[in-house]
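Report on the structure
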Amino acid sequence: MLAEHAKIVQMISLADEVNGRKKLQKMVYILKKMEFSFVEKYELHMYGPYSEELTLRVEELCEMGFLDETCTDKGSYVQYTYQVTEDGLKFSETGDAPKQSLAPCISKLNEQSSRFLELVSTLLYFDHLERTEQIEKVRIVKNKLNFSDEEMDAAFAFIAEMSACAVA
Amino acid sequence: MSYEHEKLAEEKVFKDPVHRYIHVRDRVIWDVIGTREFQRLRRIRQLGTTYLVFHGAEHSRFQHSLGVYEIVRRIIDSGFGGRPEWNEDERLVALCAALLHDLGHGPFSHAFEKVFDLDHEKFTQAILLGDTEVNAVLSRVSPEFPQRVADVVGKTYKDKLVISLISSQIDADRMDYLQRDAYYTGVQYGHFDMERILRVMRPAEEQVVIKSSGMHAVEDYIMSRYQMYWQVYFHPVSRSAEVILIKILHRAKALYKDGYRFLQDPVPFRSFFDKTITIEDYISLDEGVLFTYFQLWMKEQDPILSDLCRRFINRKLFQYAEFDPAKEYRKIGQLDSLFKEAGIDPEYYLVTDSSSDLPYDFYRPGEENERVPIYLQLPNGELSELSRSSDIVDAISGKRRTDHKIYFPEDILEAGQEDNPLYKEILQLVRG
């Protein structure tokens, strides 16, 4: 019971804190693509891979008191920050121990901006395609974000780095 | 005349209880409907297990797909045609995408996808692009035409206006399923003035917008959707049936992985259990196959599989109780232990399930709500996000409603509580 909830708490606990709902969504998606055992179902929305299931699970974890959600008004936008509570830490111990490679992968992800993770996750959504087709799809889906060629290269390099980290 | 523009000598019509008639003049559309992959949708129910609560809800994805096609056809032929924002070259791709958007749904779609970690949208694309009858029809239009249709379904098509006809907060998909599901379930909620909405829909650069005078019809549509979700789609009894369905598939998969010898080899499921699914495997599976196996599995030696199948086939569903995760999450751990102690496997007989819906939302910078808003087109041509003008929509914008339940086999516990005090304890705890 609630084993999938425990995995999300473990993930946020390993990150210490996650700034932004978008960032959290993309981090879980990328970890899932790296074969970590998250089960949340993702679909391509207008702003990249997104999981309603994860949104609901995080909301439940906040209701249960395992996650602390703080909302900061940043002027032009609002940012949500997630941290694990003390009860949450105890709860996370009820789940199976995560793979050892999870912590360094999370650390790498958490260092990145949500814009960059949005690019990485969207490229991964199209990872069944050739690289040029992946880029073409991302440019169509995210035409307003105007990702540069340098950002694309950096994203592919990051995916390679994450893949290596996940199997280390 | 090219195949793309070929018209039937005489218009074909399908009698339809929701739209009265579904009109087909394009040869391509007629040919697509005749393919085996599209005909398979007759054997997939639109509402999965809902028929166990609302007995009329036996309608299929075939009917819904025709309905979505008809709505898009009316939008294009009666509303968009001739307007400068609409590119008539997109007509056929929009109609085909509308007709085929659900092609990759499996039997009992959501339960099936959950157990086997599948994505119906990806299967829709795979069927459109694979060695299939539907691909052969679409390829006759042009070699790249199947890819164009697949891109609309996958939301990666260049013309976002075409995508928004089928996938947005006010699209043909939702307009059909709300009305069709209301009709077949017999409820009074899902009705709204679609004719009015179609009259006030306008093509814009990247999406469909609504002429501001049509705001009240859109309010009605959003409220209808809200009611349908809570009265029909999240009905706790139909969720109970879905919980059992998921557990049956999980149990069969676990037994298969453990090398259990089934009385009847589950041939159609093998590739799903082994994760080696081909398009042919996928197309071959429908609800008829699942029901056949559920009947056979009722006679299996494994007591859990046979019990769960009996429950599903004979509608002996799990009981449900309200559950507040904020106050009662410890209860789940206690119940889990008690179930184990009582010899009832909680993996299959104790389930928490949450339903959640966001009736309408708009994008706020910094937030991850992922929804493209509905825009009203003001008399001066400017666009205004719906909730700025509508107090009703503003009141529910971004308001997520969530419901949590625990499902459990009350019948077993009640029947055994005199002999087993643990059963009594479980009942007392679960009922609060």
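Fair warning: this is a prediction, and the values are worked out from it, not measured in the lab.

1. Observations regarding the overall build of chain A
What chain A contains, in helices and strands, is 8 helices and 5 strands. A compact globule built from 168 residues should have a C-alpha radius of gyration of about 15 Å, and chain A, at 16 Å, falls within 12% of that. Along the first, second and third principal axes, the C-alpha atoms of chain A reach 45 × 40 × 25 Å. Long-range pairs, those at least 24 residues apart, make up 66% of the contacts in chain A with a sequence separation of at least 6.

2. Side note on the interface of chain A and chain B
As a measure of interface size, the accessible area lost when the parts come together is often cited. Opposite the 25 residues of chain A that make contact, chain B presents 24 residues. Taken together, the elements giving at least two residues each to the side of chain A that touches chain B come down to helix 2 (21-33), strand 2 (43-45), helix 3 (52-63), strand 5 (78-84) and helix 7 (131-141) of chain A. Counting residues per element, the side of chain A that touches chain B draws most heavily on helix 3 of chain A, which supplies 4 residues. A class-by-class count of the residues in the side of chain A that touches chain B yields 12 nonpolar, 5 polar and 8 charged.

3. A short note on the pairing of strand 9 (residues 401-408) of chain B
Residues and elements named next belong to chain B. Relative to strand 9, strand 5 (residues 319-322) runs antiparallel, the two being bridged by 4 bridges. Among the inter-strand pairings, Y320 is bridged to a residue of strand 9, identified as Y407. Across 7 bridges, strand 6 (residues 351-357) lies against strand 9 in antiparallel orientation. Within strand 9, the residue paired with S354 across the bridge is H404.

4. Regarding the confidence of the model for chain B
The share of residues in chain B with pLDDT of 70 or more is 97%, and the mean pLDDT across the chain is 93. For this predicted complex, the interface confidence comes out at an ipTM of 0.83, alongside a pTM of 0.91.

5. Overview of the sheet that holds strand 4 (residues 208-211) of chain B
Residue and element names in this part refer to chain B. An order of 3-4-7-8 is seen for the 4 strands of this open sheet, with the pairing classed as mixed. A strand with exactly one partner marks an edge of an open sheet, and here the two such strands are strand 3 (201-203) and strand 8 (383-385). Taken pair by pair, the neighbouring strands of this sheet meet at an average axis angle of 45 degrees, ignoring direction. Inspection of the sheet shows strand 3 paired to strand 4 by 3 bridges, in the antiparallel sense. In the strand pairing of strand 4, M201 is matched with I210.

6. Things to note about the domain arrangement of chain B
All names here are of chain B. Split by domain assignment, chain B resolves into domain 1 (7-233), domain 2 (235-317) and domain 3 (318-359 + 399-432). A straight line from the C-alpha centre of domain 1 to that of domain 2 covers 29 Å. Elements supplying a minimum of two residues to the side of domain 1 that touches domain 2: helix 5 (109-116) and helix 6 (120-129). By residue number, the principal contributor to the side of domain 1 that touches domain 2 is helix 5, which donates 4 residues. Residue classes in the side of domain 1 that touches domain 2 are distributed as 12 nonpolar, 6 polar and 5 charged.

7. Overview of the packing of helix 10 (residues 172-185) of chain B against helix 12 (residues 215-233) of chain B
All names here are of chain B. In contact at an axis separation of 11 Å, helix 10 and helix 12 are set at 50 degrees when each is read in the N-to-C sense. In terms of orientation, helix 10 lies oblique with respect to helix 12. Here the hand of the crossing between helix 10 and helix 12 comes out left-handed. Contacts between helix 10 and helix 12 pair R174, L178, D181, A182 and T185 from the former with S224, R225, M228 and V232 from the latter. A class-by-class count of the residues in the contact of helix 10 with helix 12 yields 4 nonpolar, 2 polar and 3 charged.

8. Some details on the packing of helix 6 of chain B against helix 8 (residues 145-153) of chain B
Residue and element names in this part refer to chain B. Contact geometry for helix 6 and helix 8: axes closest at 9 Å, N-to-C directions at 175 degrees. Judged on the interaxial angle alone, helix 8 and helix 6 are roughly antiparallel. Here E121, T124, Q125, L128 and L129 of helix 6 lie close against helix 8, whose contacting residues are P146, Q147, V149, A150 and V153. Broken down by class, the residue content of the contact of helix 6 with helix 8 amounts to 6 nonpolar, 3 polar and 1 charged.

Calculation rules
Residues numbered from 1 in each chain as written. Chains lettered and ligands numbered in written order. Predicted model: local features only at pLDDT ≥ 70, side-chain atom pairs only at ≥ 80, totals over all residues. Helix = DSSP H or I, 4+ residues; strand = E, 2+ residues; numbered from the N terminus. Rg over C-alpha atoms; globule rule 2.2 N^0.38 Å. Contact = placed C-beta atoms within 7 Å. Nonpolar A, V, L, I, M, F, W, Y, C, P; charged D, E, K, R; others polar. Pairing = 2+ DSSP bridges. pLDDT = per-residue confidence, 0-100. Axes fitted to C-alpha atoms, helices over the stretch in contact; angles between N-to-C directions. Domains from an automatic or database assignment. Parallel < 35°, antiparallel > 145°, perpendicular 65-115°, else oblique. Left-handed = near helix turned anticlockwise from the far one by under 90°.

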